[in-house]
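# Observations on the model geometry
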Amino acid sequence: MQLNHKGVTQMDDNLLLMMEGRWHLQFSGCPIWLKNDVNTVTFHFGAMHQGEELVLEDRVEYIRNGKMRFRLGIGHPVDGIPRTFQWKGKGVNRTFRNHFEVAIINENYLALFFEKTITSPTAIDVLIK
């Protein structure tokens, strides 16, 4: 793994391991998280094996209209594109797919860059542990 003062610079298993844990949303450009009826958004990441591939399982929890909700998905590392994942939803979200890139990561901060999809614009999420 190559490291510099800004954190991980390329994709490897250590990036997935650094992302593990609970992260709290501090800023988002994603319209779903900016709605007045949505608050307390947390991301839970965990590295897991799917066959021989190490993938990133995620559960995003949020409160909407006073009720706890969640979104489940799996991020598969994209071959040849450092720090980039192909995300696919699970369960009721299984039809949703997008790419996201880990822009910045260290022990306390995580910034994710999301590509534009049919349902949302290009956006950045900033998370803290």
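Up top you'll find the structure we're talking about.
Summary of the structure given here. (Residues numbered from 1 in each chain as written. Predicted model: local features only at pLDDT ≥ 70, side-chain atom pairs only at ≥ 80, totals over all residues. Heavy atoms only, no water.)

### Section: the overall build of the chain
Counting its regular elements, the chain contains 2 helices and 10 strands. Taken from N to C terminus, the helices and strands of the chain fall in the order β-β-α-β-α-β-β-β-β-β-β-β. The buried share of the chain, reckoned over its 129 residues, is 37%. Within the chain, contacts between residues separated by at least 24 positions form 36% of all contacts whose residues are at least 6 apart in sequence. Element-wise, carbon and sulfur atoms account for 53% of the exposed surface of the chain, whose accessible area totals about 7,700 Å². (Helix = DSSP H or I, 4+ residues; strand = E, 2+ residues; numbered from the N terminus. Buried < 20%, exposed > 50% of the residue type's maximum accessible area, 1.4 Å probe, protein only. Contact = heavy atoms within 4.5 Å. Areas by Shrake-Rupley, 256 points an atom, 1.4 Å probe, with all protein chains shown as cover.)

### Topic: the pattern of salt bridges
Summed over all chains, the structure comprises 4 salt bridges. Between Lys 90 and Glu 57 there is a salt bridge, and its shortest N-O distance comes to 3.1 Å. Of the two residues, Lys 90 sits in the loop between strand S7 (84–89) and strand S8 (97–105) while Glu 57 sits in strand S5 (residues 53–64), which places them 33 residues apart along the sequence. Overall, the relative accessible area of 31% leaves Glu 57 in the partly exposed class. (Salt bridge = Lys/Arg side-chain N within 4 Å of Asp/Glu carboxyl O.)

### A short note on the nonpolar core
Ranked by size, the top nonpolar core spans 25 residues in total, and within it Met 19, Trp 33, Phe 43, Phe 45, Leu 110 and Leu 112 carry the most contacts. Once you skip the residues sitting within four places of it in the chain, Leu 110 turns out to touch Met 19, Trp 23, Phe 45, Val 102, Ile 104, Ile 105, Asp 125, Val 126 and Leu 127. (Core = buried A, V, L, I, M, F, W, Y, C linked by side-chain atoms within 4.5 Å.)

### Observations concerning the pairing of strand S6 (residues 67–77)
In this sheet, S6 lies alongside S5 in antiparallel orientation, the contact comprising 9 bridges. By the bridge assignment for S6, Glu 57 is matched with Ile 74. Taking the residues that link successive antiparallel strands as the turn, the S5-S6 hairpin has 2 residues, and the phi of Asn 65 there is positive, at about 50°. (Pairing = 2+ DSSP bridges.)

### Quick word on the packing of aromatic side chains
Considering all chains together, one arrives at 5 aromatic pairs under this definition. On the numbers, 5.6 Å between centres and 35° between planes, the contact of Phe 100 with Phe 114 is tilted. Of this pair, Phe 100 sits in strand S8 while Phe 114 is found in strand S9 (residues 109–114), placing the two residues 14 residues apart along the sequence. Here Phe 100 falls in the buried class, since its relative accessible area comes to 4%. In this structure Phe 114 comes out as buried when scored by relative accessible area, which is 16%. Here the aromatic residues Trp 33, Phe 43, Phe 45 and Tyr 62 are joined through ring pairs into a cluster of three or more. (Phe/Tyr/Trp six-rings, centres within 6.5 Å; stacked < 30°, edge-to-face > 60°.)

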